[in-house]
Structure formats: structure tokens, C-alpha cells
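# Structural overview
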Amino acid sequence: MSTRTFPAVERSLIVDVAPDWAFTFFTEKIGDWWPLEEYSMFASSGRGRPDQIVFESGIGGRVFERLGDEVCVWGEVHVWEPPHRVAFSWRTNPEWPDLTDVEITFTPEGSGTRVRLRHTGWERLGDRAEAAHASYAGGWGEVLARYEATIQT
């Protein structure tokens, strides 16, 4: 465990839809917008684009990708409060020694919804923490830009 502390990676955006659809699109429709070509365990290991990404609903639900009969689990849901909040563990690198935590809130703002992502727990990654934190600081921005662009169409 690292003795250094790392700030949360935080991203926020406003989408022009109601919170219930913003939540549903993020979770149930994740396969419609997640950039699997760039952000997937199978793709990053050179095995190709996964066939599917799934975000199972409810506490204990898994977030995972599938390629043929193989599954790579990214995390497990530990807070499920539709349409306001979802939180889950996260490990998309099999070399990470531990899990990190992601929380996403969906709050009405004007005629749309503010979507806030907060990713914490970097210290648990030991000597991999700094590189992982830096990678996700940029990566979440790219992933959420894809979410925003796709939900608006």
C-alpha cells in the first residue's frame, strides 16, 4: 500500500436528458457508448475487441466484458440508487494489486442532468498508483466524452 495519497479523479458534465435516462444509459446501455476499442481488458492485451460489455443492476451486480466464452470482470456494484447514484469497485488491469472505487451521481440541473464521476482508492495500488491515477485522469475524460456525445444523439 502506498503511503502517498492521491486526489480523486473527478469529472463532471451536463447532459440534456432527465436523470432517469442518464442513469439508465450509463448502466443498461453501456454497450452502446463505451469505447471498447480503446478501453477494454481484451483489447489492451491484444486479443481484440470484446463482443459485449455488461453492467448488471443492483448491489452485487458485476461490470464485465465478454469475448466469446471468456469474461473479464471490471468491478462489482456496491451502491445502487437509481436514478441518482451508482458506485462500484474497479480493476481493469489484472496487474493491479487491489481494487479502486468509482461513484457516479446523476443530479437534475436546469433542463438536464449533471453527471459526476469520482474515482478513488489509488493508494491501494502501491507502486502502480501514480501511473494508474495519471492514466485515468485522462481516460475518464475520453470515456465520458463518448457517453455525452452518444446520449445526445
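The rules we used
Here, residues in each chain are numbered from 1, in the same order as that chain's written sequence. Given that the model is predicted, a residue must reach a pLDDT of at least 70 before its local features are reported, and side-chain atom pairs must reach 80 or more before they are shown or counted; all residues, however, enter totals for whole chains, interfaces and linings. Side-chain metrics in this entry use all non-hydrogen atoms of the structure; hydrogen atoms and water are not considered. Secondary structure elements are taken from DSSP: a helix is a run of H or I of four residues or more, a strand is a run of E of two residues or more, and numbering for both begins at the N terminus. To get the radius of gyration, use the C-alpha atoms; to get the globule rule, take the number of residues to the power 0.38 and multiply by 2.2 Å. Exposure categories follow from relative accessible area, calculated using a 1.4 Å probe and restricted to protein chains: below 20% of the type maximum is buried, above 50% is exposed, and the middle band is partly exposed. Should any heavy atoms of two residues lie within 4.5 Å, those residues are counted as being in contact. Using a 1.4 Å probe, the Shrake-Rupley method yields the accessible areas, and only the shown protein chains count as cover for residues. Positive charges come from Lys and Arg alone, negative charges from Asp and Glu alone, with His and the N- and C-terminal ends not counted. Here the site of a charge means NZ on Lys, CZ on Arg, CG on Asp, or CD on Glu. Within this scheme a cavity is a closed region of a 1 Å grid, computed over the protein atoms alone, that accommodates a 1.4 Å probe without allowing it to escape, whereas a pocket is open but has protein on both sides within 12 Å along at least five of seven lines; lining residues each have an atom within 4 Å of a point. Grid points are joined across faces, edges and corners, and a volume is the space filled by probe spheres set on the points. Gly is put with the polar residues, along with every residue not named as nonpolar or charged; the nonpolar set is Ala, Val, Leu, Ile, Met, Phe, Trp, Tyr, Cys and Pro, and the charged set is Asp, Glu, Lys and Arg. What counts as a ring pair is set by centres within 6.5 Å for rings of Phe, Tyr and Trp (its six-membered ring), and what kind of pair is set by the plane angle: stacked under 30 degrees, edge-to-face over 60, tilted for all other angles. For a Lys NZ or an Arg CZ to count as sitting over a ring, it must be within 6 Å of the ring centre and within 35 degrees of the ring normal. We call a set of buried residues a nonpolar core when its members are Ala, Val, Leu, Ile, Met, Phe, Trp, Tyr or Cys and they connect through side-chain atoms within 4.5 Å of each other.

### Some remarks on the overall build of the protein
Counting its secondary structure elements, the protein contains four helices and seven strands. Here the C-alpha radius of gyration of the protein, 15 Å, is about what a compact globule of 153 residues would show, namely 15 Å. Overall size of the protein, expressed as C-alpha extent along the three principal axes, is 45 × 40 × 25 Å. Residue burial in the protein is summarised as follows: out of 153 residues, 45% are buried. Here the contacts in the protein between residues at least 6 apart in sequence split such that 51% fall between residues at least 24 apart. Only carbon and sulfur atoms are counted for the fraction: they give 47% of the accessible area of the protein, which is about 7600 Å². Mean positive and mean negative side-chain charge positions of the protein (15 and 24 charges, respectively) differ by 2 Å.

### Brief notes about the layout of surface pockets
As a volume, the largest pocket reaches approximately 370 Å³. Looking at the largest pocket, it is lined by 19 residues, and the ones nearest its centre are Tyr39, Ser40, Ser44, Thr92 and Tyr136. Of all the secondary structure elements, the ones that give two or more residues to the lining of the largest pocket are α3 (41-44) and α4 (129-151). Per element, the largest residue contribution to the lining of the largest pocket is six residues, and it comes from α4. Residues of the lining of the largest pocket, tallied by class, amount to eleven nonpolar, seven polar and one charged.

### Quick word on the packing of aromatic side chains
All chains considered together, the criterion is met by 22 aromatic pairs. Ring centres of Phe88 and Trp90 lie 5.7 Å apart, and the angle between their planes is 55°; on these two criteria the pair is classed as tilted. Residues Phe88 and Trp90 agree in their burial class; the two are buried. Ring centres 5.4 Å apart and planes at 45° place the aromatic pair Trp90 and Trp140 in the tilted group. Taken together, the residues span a long stretch of sequence, with Trp90 in strand β5 (residues 85-90) and Trp140 in helix α4 at a distance of 50 residues. One residue, Arg62, lies across the ring of Phe64, its end atom 4.3 Å from the ring centre.

### Overview of the side chain of Arg114
Along the chain, Arg114 falls in strand β7 (residues 112-120). For Arg114, a relative accessible area of 17% translates into the label buried. Ignoring sequence-local partners within four residues, the contact set of Arg114 consists of Ser12, Leu13, Ile14, Thr105, Phe106, Thr107 and Glu109.

### Structural notes on the nonpolar core
Trp34, Trp90, Ile104, Phe106, Trp140 and Tyr147 are the most contacted members of the largest nonpolar core, which has 41 residues in total. Take this core: its biggest share by element is eight residues, from α4. With residues up to four places along the chain from it excluded, the contact list for Trp34 reads Tyr39, Ile53, Trp74, Trp90, Trp140, Val143 and Arg146.

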